[in-house]
Amino acid sequence: EQQEEDVLRELRLFLRNITERLSLDRRFKAFTKPVDIEEVPDYILVIKKPMDLSTLLTNIDESKYVTVGKFMSDADLIWRNALEYNPDSDPMDRHIRHRAYALKDTIRAIIRDELDEEFERVCEEIRESR
Ligand SMILES: Cc1noc(C)c1-c1cc(NS(=O)(=O)c2ccccc2)cc(C(=O)O)c1
């Protein structure tokens, strides 16, 4: 009913705000768009579920996330994929891994500081009721 739509709208605003802030951070430029298959042809052979910040934003707009937890699983794919595809000790791989870990820590710090547990519990109840 209307209250549920109000909660889901507030969730979309919260998640859009986080995603846009991450996209503005220069450290995360390589995570803003899907990895370019022309540039990195074997990427989709290695990475089963590509994810990036612009795709997160589209998913939010399409009401794909009913809880912060569902959003977090997709957001975590971004840095997990980067660690998986760039495991070597050469400087380029190390550089993208440092940014992947910075993304992981930044997402968790924002959620810990800004997500109201009671709000997430209400979102979980809506998910279970659907
Ligand atoms: C991400 C990612 N995961 O594996 C790799 C490898 C990367 C990655 C991919 C690219 N090149 S790209 O054309 O696919 C692109 C450019 C700008 C925004 C988004 C993607 C650049 C870099 C970089 O560090 O600059 C990293």
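Quick summary incoming for the structure in this document. (Residues numbered from 1 in each chain as written. Predicted model: local features only at pLDDT ≥ 70, side-chain atom pairs only at ≥ 80, totals over all residues. Heavy atoms only, no water.)

## What to know about the overall build of the chain
Our working definition: The way it works is that DSSP assigns letters per residue, a run of H or I at least four long becomes a helix, a run of E at least two long becomes a strand, and they are numbered from the N terminus. Exposure classes here rest on a 1.4 Å probe applied to the protein chains alone. A residue is buried below 20% of its type maximum, exposed above 50%, and partly exposed in between. Note on definitions: a residue-residue contact is assigned when non-hydrogen atoms from the two residues lie within 4.5 Å. Using a 1.4 Å probe, accessible areas were evaluated by the Shrake-Rupley method; residue-level cover was limited to the displayed protein chains. For the purpose of counting charges, residues Lys and Arg are taken to be positive, whereas Asp and Glu are taken to be negative. His and the chain ends are not included. Working definition for charges: the position is that of NZ of Lys, CZ of Arg, CG of Asp or CD of Glu.
Scanning the chain from terminus to terminus reveals six helices and zero strands. Per-residue burial over the chain gives 42% buried out of 130 residues. Of all intrachain contacts in the chain linking residues separated by at least 6 positions in sequence, the fraction that spans at least 24 positions is 69%. For the chain, the accessible area works out to roughly 8000 Å², and carbon and sulfur atoms hold 53% of it. Here the chain carries 22 positive and 30 negative side-chain charges, and the mean point of each set is 3 Å from the other.

## Looking at the side chain of Asn81
By the secondary structure assignment, Asn81 is in helix α4 (residues 68-85). If we skip the residues at most four places from it in the chain, Asn81 touches Tyr43, Ile47, Lys49, Pro50 and Met51.

## Examining the site of the ligand
Threshold: Throughout, the term near means that a residue has one or more heavy atoms lying within 4 Å of the molecule or strand in question. Under this definition, polar contacts are N or O atom pairs within 3.5 Å; protein pairs additionally need one hydrogen-donor-capable and one acceptor-capable atom, and for neighbouring residues in sequence, both atoms have to be side-chain atoms.
Neighbouring residues of the ligand: Lys29, Ala30, Lys33, Pro34, Val35, Asp36, Glu39, Tyr43, Tyr85, Asn86, Ile96 and Arg99. For the ligand, an oxygen atom lies 2.7 Å from a polar atom in the backbone of Asp36. Contact distances for the ligand include 3.2 Å between an oxygen atom and a side-chain N or O atom of Asn86. When the ligand sits alone it has 560 Å² of accessible area, and the protein chains cover 76% of it.

## Description of the pattern of salt bridges
For clarity, the cut-off: Between Lys or Arg on one side and Asp or Glu on the other, a salt bridge is scored when a side-chain nitrogen of the former is within 4 Å of a carboxyl oxygen of the latter.
All told, the structure shown has 14 salt bridges when counted by the stated rule. Asp61 serves as the salt-bridge partner of Arg16, at 2.8 Å between the closest nitrogen and oxygen. With a gap of 45 residues between them, Arg16 in helix α1 (residues 2-24) and Asp61 in helix α3 (residues 53-61) connect regions that are remote in the sequence. Taking relative accessible area as the criterion, Arg16 reaches 22% and is therefore assigned partly exposed. Judged by its relative accessible area of 47%, Asp61 is partly exposed. With its nearest N and O atoms 2.7 Å apart, the salt bridge here joins Glu114 to Arg21.

## Notes on α3
Structural remark: α-helix, 3.6 residues per turn; residues separated by three or four positions point the same way. Stated precisely, the cut-off is as follows: It is the directions from the helix axis to the C-beta atoms whose arc is reported.
Burial in α3 covers these residues: Leu53, Leu56, Asn59 and Ile60. Projected onto a plane normal to the axis of α3, the buried residues spread over an arc of 115° and lie on a single side. Each element contacted by the buried residues of α3 is listed here: α1 and α4. Looking at the residues trailing α3, positive phi occurs at Ser63, about 55°.

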